[in-house]
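What follows is each chain in one-letter form.
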Amino acid sequence: MDQDVKSMSISSSTPCEKYEAAGGDCLPQPVQQNGLQEKPKGLFYRLYLRLCEAVIVLSIVLSAISLFSEREESVPQRLRGHFSCGKVGQDYEITYIAVPGFFKQDKSNADPDKIGPAPDRFGLIDHHKHYWTNFDKKIQKLNKKSDSDTSYKVLFLGRHGEGFHNVGMEYYGEDEWRRKWGRKNGDGTIIWGPDAQLTDKGVAQAERVHSLWQQELTRGGGIPLPTAFFVSPLVRALHTFQITFAGIVDSPEPLIIEGLRDSYGLLTADLRHNKTWIHEQYPTCRFEDGFTEQDELWMKDEREADEHTEKRVRGVLDKILTIDDTYLAVVAHSKVVEATFNITKHQDFDMPTG
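Residues numbered from 1 in each chain as written. Predicted model: local features only at pLDDT ≥ 70, side-chain atom pairs only at ≥ 80, totals over all residues. Heavy atoms only, no water.

**Digging into a negative patch on the surface**
Together, Glu307, Glu310, Glu338 and Asp348 line one region of the surface with negative charge. Turning to its location among the elements, aspartate 348 is positioned in the segment after helix H13 (334-344). On the basis of relative accessibility, which here comes to 66%, the residue aspartate 348 falls in the exposed class. (Patch = residues over 30% accessible without salt bridge, like charges linked within 9 Å, V, L, I, M, F, W, Y side chains within 5 Å. Areas by Shrake-Rupley, 256 points an atom, 1.4 Å probe, with all protein chains shown as cover. Salt bridge = Lys/Arg side-chain N within 4 Å of Asp/Glu carboxyl O. Lys, Arg positive; Asp, Glu negative; His and termini not counted. Charge placed at Lys NZ, Arg CZ, Asp CG, Glu CD. Helix = DSSP H or I, 4+ residues; strand = E, 2+ residues; numbered from the N terminus. Buried < 20%, exposed > 50% of the residue type's maximum accessible area, 1.4 Å probe, protein only.)

**A look at the side chain of arginine 286**
Relative to the elements of secondary structure, arginine 286 occurs in strand S6 (residues 286-287). The charged side chain of arginine 286 is buried without a salt bridge, its nearest counter-charge being glutamate 253 at 4.1 Å. For arginine 286, the side chain forms a polar contact with the main-chain oxygen of glutamate 253, separated by 3.3 Å. (Polar contact = N/O pair within 3.5 Å; in protein donor to acceptor, adjacent residues only side chain to side chain.)

**Examining the packing of aromatic side chains**
Summed over the entire model, instances satisfying the criterion amount to 15 aromatic pairs. Taking the centre distance of 5.7 Å and the plane angle of 85° together, the rings of tryptophan 132 and phenylalanine 135 count as edge-to-face. Here phenylalanine 135 and tryptophan 132 lie together in helix H6 (residues 131-145), a separation of 3 residues that amounts to about one turn. Across the pair, exposure class does not vary: tryptophan 132 and phenylalanine 135 are buried alike. (Phe/Tyr/Trp six-rings, centres within 6.5 Å; stacked < 30°, edge-to-face > 60°.)

**Focus on the pairing of strand S7 (residues 327-332)**
Taking burial as the measure, the 6 residues of S7 include 6 buried ones, the bulk of the element. Here S7 shows a buried face lined by Tyr327, Ala329 and Val331 and a second buried face lined by Leu328, Val330 and Ala332. Two strands pair when backbone bridges link them, and strand S3 (residues 150-159) and S7 are joined in this way by 6 bridges, in the parallel orientation. Paired with arginine 159 across the bridge in S7 is alanine 332. In terms of strand pairing, strand S4 (residues 228-231) meets S7 through 4 bridges, oriented parallel. What sits directly across from valine 231, in S7, is valine 331. (Pairing = 2+ DSSP bridges.)

By themselves these figures say nothing about function.
See below:
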């Protein structure tokens, strides 16, 4: 377990070489977990390993003089072709407020262990026969009654399933992971970098959320489907998105946004693949304008601060929540979920492991 993977041929090769050796056209299959002993799961790991699927109803208030003339120049009204990364919100302030009362996760006394990561109806508090129909009518009514500077959105916010880096960090502990092991590509038993993939458990977690979508499509009048999709460029999020929405939405064509990635730097699991590789593996995904070929954000000797993560997530929200679509879906990471909750003042909710 103490062997430095840099001395191993599989870890010293480039990502492309490893993938070609694994079969080329398909996603590479990492070395499976063998011989890692079970260790007690502390609170940190419950926070880090969770696969979450949250639904947030947001009130979005835009305050400015000549608001709509500014919006027409800086905010795309529909996501077609490339997504503009132009500065949004530079001439006005956007306030995000999570609207409570719709879902179990909104309650101040919500118990994550009892509710679970993927509850029936996604936690919707409505037991009428046509609960999704009722929900959609309420959202439409809110938007109809709101003033011209306020709109309501429904955000399906998902976190990727368990990755091999999660397994490694749980085994070694947070301190040792950040000090030593997380900076390597693996430990001789499993590989977690660069760009950690889903474990079998992570795939199963995504499949469970997929089944929930299938179930809710046929119940309560049918869950309103998202019409705009966004995803992190990291493989664990892309794979989770692919599994979650396969067959649920016809050709969703999610938009890959750099700002939806996990905190970056130091840890190899967060070093993304190049743009060409991502396009080859996920050809139905689109890229935001300005998405670079190589990962230009990841730093070998420095980790992104939480304050910076929240700032860039706010920048993403300023872009995606000012389009016309009411129902949106995002698949990203725990740090993105946490930042979104903070920005929208959503009730703190520690979603348990998938």
